[in-house]
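Report on the structure
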Amino acid sequence: MCGKLAAMRRKFWGLQRHPILYYIRYILLAKNTRKSEAELVGRFDKVNQISDIPKLYFEVNKTIGISDDADEFDKALQISSFLRSRTPVGPSLSSSSKRTLYGMLYGKGGVCNDFSMVFNNFCLINNIPSKEWNCVDRFYKTTYGHTFNEIFSSRHQKWIAIDSHKGIYFLDNDNSPMSVIELFESLRNHQPLRLAYISGYRPPNPERLKHVFSGKSIPFVTHNYKAAVVDNYLEKFQSLPMFLINALLILQRKNYSFVFVLDDYRRQLLPESLRNA
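So, a few notes on the structure that sits alongside this text. (Residues numbered from 1 in each chain as written. Predicted model: local features only at pLDDT ≥ 70, side-chain atom pairs only at ≥ 80, totals over all residues. Heavy atoms only, no water.)

**Topic: the overall build of the protein chain**
What the protein chain contains, in helices and strands, is 12 helices and eight strands. Relative to its 277 residues, the protein chain shows a buried fraction of 47%. Taking contacts inside the protein chain between residues at least 6 apart in sequence as the whole, the part at least 24 apart equals 64%. Total accessible area on the protein chain is roughly 14,400 Å²; 51% of this is exposed by carbon and sulfur atoms. (Helix = DSSP H or I, 4+ residues; strand = E, 2+ residues; numbered from the N terminus. Buried < 20%, exposed > 50% of the residue type's maximum accessible area, 1.4 Å probe, protein only. Contact = heavy atoms within 4.5 Å. Areas by Shrake-Rupley, 256 points an atom, 1.4 Å probe, with all protein chains shown as cover.)

Spelled out as structure tokens, the structure:
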């Protein structure tokens with residue numbers, strides 16, 4: 001029986017990596033929007049309620065010591081520093097937000113998408129507008145894919161990119177924090193990557209930062225991610241591969257989408273034969 005289960009898992013894993021699933025995923029989930037409309041998409045706080053967040057987050061939040069009067073950017077730096085200091089390098093958890101936070105805090109690991117999801121939840125309960133961003137270098141067989149966040153600061157009156165997994169944010173030539181769009185437009189204009197570390201943490205492979213955050217990267221924002229809905233599916237179908245859970249969300253019309261702001265995803269990510277599909 002164990003041998004049959006192992007064989008089934010190998011087949012599922014092979015299916016997950018099949019190129020046709022990557023094409024289908026983006027065809028079903030991806031959208032384009034104008035840069036002028038970027039502020040209107042991706043806001044986690046617009047589609048989620050504080051009551052949706054598991055109680056564990058509120059219990060942990062009390063230990064972070066965040067001041068209600070602090071600017072959103074300062075609060076976000078505190079959250080990021082806390083998460084980075086408590087989470088060892090480890091595997092992807094890919095679970096519900098409650099299980100992911102528990103795993104991160106108790107030594108089970110956590111990768112960029114885990115950090116981003118947990119960070120969004122903490123932002124919501126601390127009244128910080130936030131978004132989740134992704135970037136890839138190409139459509140299939142990517143050399144990298146990364147997930148990070150963006151928050152709105154009242155003091156700076158702008159959106160600011162923040163990467164809690166790497167423990168960094170990004171600076172312009174005047175040492176002001178940059179938004180995601182500012183960051184990638186700057187990199188595409190051949191400006192050097194300038195960053196600031198949030199805490200004493202340093203990523204184990206700092207040379208990769210210039211590879212991921214480069215003018216060649218294609219950024220896109222996650223839109224309409226309803227945490228309670230996705231958590232319910234992750235808990236209910238936790239034995240299923242992630243691509244099947246995503247398929248169920250799509251079939252039930254409860255899925256989130258990927259919105260491309262700086263690029264036409266069809267031109268950048270799809271072969272010519274599928275651009276008008």
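Still more ground to cover, so stick around.
**Regarding the environment of serine 214**
For serine 214, the location among the structural elements is in the loop between α9 (209-212) and β7 (218-223). On the basis of relative accessible area, serine 214 is assigned to the buried category, the value being 14%. Sequence-distant contacts of serine 214, defined by excluding residues within four places in its chain, comprise Tyr144, Phe184 and Leu187.

**Let's talk about the pattern of salt bridges**
Counting across every chain of the model gives eight salt bridges. When the shortest N-O distance is used, the salt bridge between arginine 34 and glutamate 37 registers 3.4 Å. Note on glutamate 37: relative accessible area 30%, which makes it partly exposed. Of the charged contacts, one joins aspartate 71 and arginine 155 as a salt bridge, the two residues approaching to 3.8 Å between their closest N and O atoms. Of the two residues, aspartate 71 sits in the loop between α4 (55-64) and α5 (72-86) while arginine 155 sits in the loop between β3 (145-153) and β4 (158-163), which places them 84 residues apart along the sequence. The buried category is assigned to aspartate 71, whose relative accessible area is 10%. Judged by relative accessible area, arginine 155 falls into the partly exposed class, the value being 47%. Salt bridges sharing common partners tie together Asp71, Asp74 and Arg155. (Salt bridge = Lys/Arg side-chain N within 4 Å of Asp/Glu carboxyl O.)

**A closer look at the side chain of asparagine 48**
Position of asparagine 48 relative to the elements: it lies in the loop between α3 (44-47) and α4. For asparagine 48, a relative accessible area of 3% gives the class buried. At 2.9 Å, the side chain of asparagine 48 and the backbone oxygen of tyrosine 225 are in polar contact. Among the polar contacts made by the side chain of asparagine 48, one reaches the main-chain amide nitrogen of alanine 227 at a distance of 2.7 Å. Ignoring sequence-local partners within four residues, the contact set of asparagine 48 consists of Leu124, Tyr225, Lys226, Ala227 and Ala228. (Polar contact = N/O pair within 3.5 Å; in protein donor to acceptor, adjacent residues only side chain to side chain.)

**Section: unusual backbone geometry**
Look at glutamine 157: it is not a glycine, yet its phi comes out positive at around 55°. On the secondary structure map, glutamine 157 appears in the loop between β3 and β4. One non-glycine residue with positive phi stands out, namely arginine 253, at about 60°. Within the secondary structure, arginine 253 sits in the loop between α11 (242-251) and β8 (257-260).

**Focus: the sheet that holds strand β6 (residues 195-197)**
One open sheet holds the eight strands; their spatial order is β1-β8-β7-β2-β3-β4-β5-β6, and the pairing between them is mixed. If you trace the sheet from one side to the other, it starts and ends with β1 (30-32) and β6, each paired once. Between one strand axis and the next, the sheet turns by 35° as a mean value, whatever way the strands run. Relative to strand β5 (residues 168-170), β4 runs antiparallel, the two sharing two bridges. (Pairing = 2+ DSSP bridges. Axes fitted to C-alpha atoms, helices over the stretch in contact; angles between N-to-C directions.)

**As for the packing of aromatic side chains**
Taken as a whole and judged by the stated rule, the model has 14 aromatic pairs. One residue, lysine 131, lies across the ring of tryptophan 159, its end atom 4.5 Å from the ring centre. When the ring centre of tyrosine 197 is taken as reference, the NZ or CZ atom of arginine 202 above it lies at 3.8 Å. (Phe/Tyr/Trp six-rings, centres within 6.5 Å; stacked < 30°, edge-to-face > 60°. Lys NZ or Arg CZ within 6 Å of the ring centre and 35° of its normal.)

**Some thoughts on the packing of α4 against helix α6 (residues 97-105)**
Two elements in contact, α4 and α6, have axes separated by 9 Å at closest approach and are oriented at 35°. Mapping the contact onto sequence places Leu56, Tyr57 and Val60 in α4 and Ser97, Lys98, Leu101, Tyr102 and Leu105 in α6. Looking at side-chain class alone, the contact of α4 with α6 contains six nonpolar, one polar and one charged residues. (Nonpolar A, V, L, I, M, F, W, Y, C, P; charged D, E, K, R; others polar.)

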